[in-house]
Amino acid sequence: TQLLEQSPQFLSIQEGENLTVYCNSSSVFSSLQWYRQEPGEGPVLLVTVVTGGEVKKLKRLTFQFGDARKDSSLHITAAQPGDTGLYLCAGAQGGSEKLVFGKGTKLTVNP
Amino acid sequence: NAGVTQTPKFQVLKTGQSMTLQCAQDMNHEYMSWYRQDPGMGLRLIHYSVGAGITDQGEVPNGYNVSRSTTEDFPLRLLSAAPSQTSVYFCASSYTGKHTEAFFGQGTRLTVV
């Protein structure tokens, strides 16, 4: 059973379009993180959300943590080819440093 | 600015061979972990360590051993390689405590034939 479900698994869009990626769970997390991974590289942290209902913005990326701290979303406005990559959500439970990862959303932004 | 360094980057093993994947970090992080990444499976935790001398199993520990003799190094040993261990392996490190950022190495692509 996958603790964190990400959707969609694949997403191919044109430059300039908007998109939303979802990360859902039936479990409560003390925090959720979003990472971006490019081919041949390790994941790199984009953001950490901690408080239920929290919204964080990183340029054209908007991250939201659900009120119940069970889900999160990533919205990209006016996607660019440089946004292409694998987006992973990861959650920590309780006081543990252990991260549980979703399977990822592979985003392709076509010029 | 080395961060987390993994070696080798690529490796081909024959079934039954053993090898050690190296991981070193220079950020004085207490927490280190090993993941494997398979297509469609995301990152799955193999073993982790909260400090020198302390290790514990993750989600998929079978066939792998780890040790943590120093803060900096966290090698992963494959005892007798199997084709099912073909994967990309990532080492990560972070400070202990909540909400800390995990820093990843560049990965080791392992093929077992």
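Just above sits the structure.
What counts and how
- Throughout, residues of each chain are indexed from 1 in the direction in which the sequence is written.
- The lettering of chains begins at A and the numbering of ligands begins at 1, in the order of writing.
- With the structure being a predicted model, the display of local features is reserved for residues of pLDDT at least 70 and the display and counting of side-chain atom pairs for 80 or more, all residues being used for whole-chain, interface and lining totals.
- Only hydrogens and water are set aside when side-chain values are computed; all heavy atoms of the structure are taken into account.
- Working definition: rings of Phe, Tyr and Trp (its six-membered ring) pair if their centres are within 6.5 Å, and the pair is stacked with planes under 30 degrees apart, edge-to-face with planes over 60 apart, and tilted otherwise.
- Here a strand is any run of E in DSSP of at least two residues, a helix any run of H or I of at least four, and the numbering for each starts at the N terminus.
- The classification of residues rests on relative accessible area computed with a 1.4 Å probe and restricted to protein chains. Under 20% of the type maximum is buried, over 50% is exposed, and intermediate values are partly exposed.
- Two strands form a pair only when DSSP identifies at least two bridges running between them.
- Two cysteine sulfurs form a disulfide in these notes if their separation is within 2.5 Å.
- Note on geometry: axes are C-alpha line fits, over the in-contact stretch for helices, and angles between N-to-C directions span 0 to 180 degrees.

1. Some remarks on the packing of aromatic side chains
Right, so step 1: Counting across every chain of the model gives nine aromatic pairs over all chains.
Right, so step 2: Residues A:Y35 and A:F101 carry aromatic rings whose centres are separated by 5.8 Å and whose planes lie at 50° to one another, so their mutual orientation is tilted. In this pair, A:Y35 is assigned in strand β4 (residues 31-37) and A:F101 in strand β10 (residues 99-101), connecting sequence segments 66 residues apart. For the pair formed by A:Y35 and A:F101, the shared burial category is buried.
Right, so step 3: Ring centres of A:Y35 and B:F104 lie 5.8 Å apart, and the angle between their planes is 85°; on these two criteria the pair is classed as edge-to-face. Of the two residues, A:Y35 sits in strand β4 while B:F104 sits in strand β10 (residues 103-104), which places them in two different chains.
Right, so step 4: Using a relative accessible area of 0% as the deciding quantity, one classes A:Y35 as buried.

2. Things to note about the pairing of β4(A)
Residue and element names in this part refer to chain A.
Right, so step 1: Taken across its seven residues, β4 has seven buried, putting it largely inside the fold.
Right, so step 2: Here β4 shows two buried faces, one formed by S31, Q33, Y35 and Q37 and the other by L32, W34 and R36.
Right, so step 3: Where β4 lies against strand β9 (residues 85-92), seven bridges are found, and the strand directions are antiparallel. Bridging across to β9, Y35 finds its partner in L88.
Right, so step 4: Note: β4 against strand β5 (residues 44-49), five bridges, orientation antiparallel.

3. Concerning the state of the cysteines
Right, so step 1: Across all of its chains, the model carries two disulfides over all chains by this definition.
Right, so step 2: The disulfide partner of A:C23 is A:C89, and the S-S distance across this bridge is 2.0 Å. In this structure the cystine formed by A:C23 and A:C89 twists about its S-S bond by roughly 75°; its chirality is therefore right-handed. With A:C23 in strand β3 (residues 19-24) and A:C89 in strand β9, the pair connects residues that are 66 residues apart, well separated along the chain.
Right, so step 3: Classification of A:C23 by relative accessible area gives buried; the value is 0%.
Right, so step 4: Shown here is the disulfide that connects B:C23 with B:C91, its sulfur atoms set 1.8 Å apart. With the S-S dihedral at roughly -70°, the linkage between B:C23 and B:C91 falls on the left-handed side. One end of the pair, B:C23, is in strand β3 (residues 19-25); the other, B:C91, is in strand β9 (residues 87-94), and 68 residues separate them in sequence. Comparing B:C23 with B:C91, the two get one shared label, buried.

4. Points about the sheet that holds strand β7 (residues 64-66) of chain B
All names here are of chain B.
Right, so step 1: One open sheet accounts for four strands, arranged β1-β3-β8-β7; its pairing is antiparallel. Looking at which strands have only one partner, the edges of the open sheet turn out to be β1 (4-7) and β7. For this sheet, the mean angle separating the axes of adjacent strands, direction not counted, is 20°.
Right, so step 2: As paired elements, β7 and strand β8 (residues 76-78) share three bridges and run antiparallel to each other.

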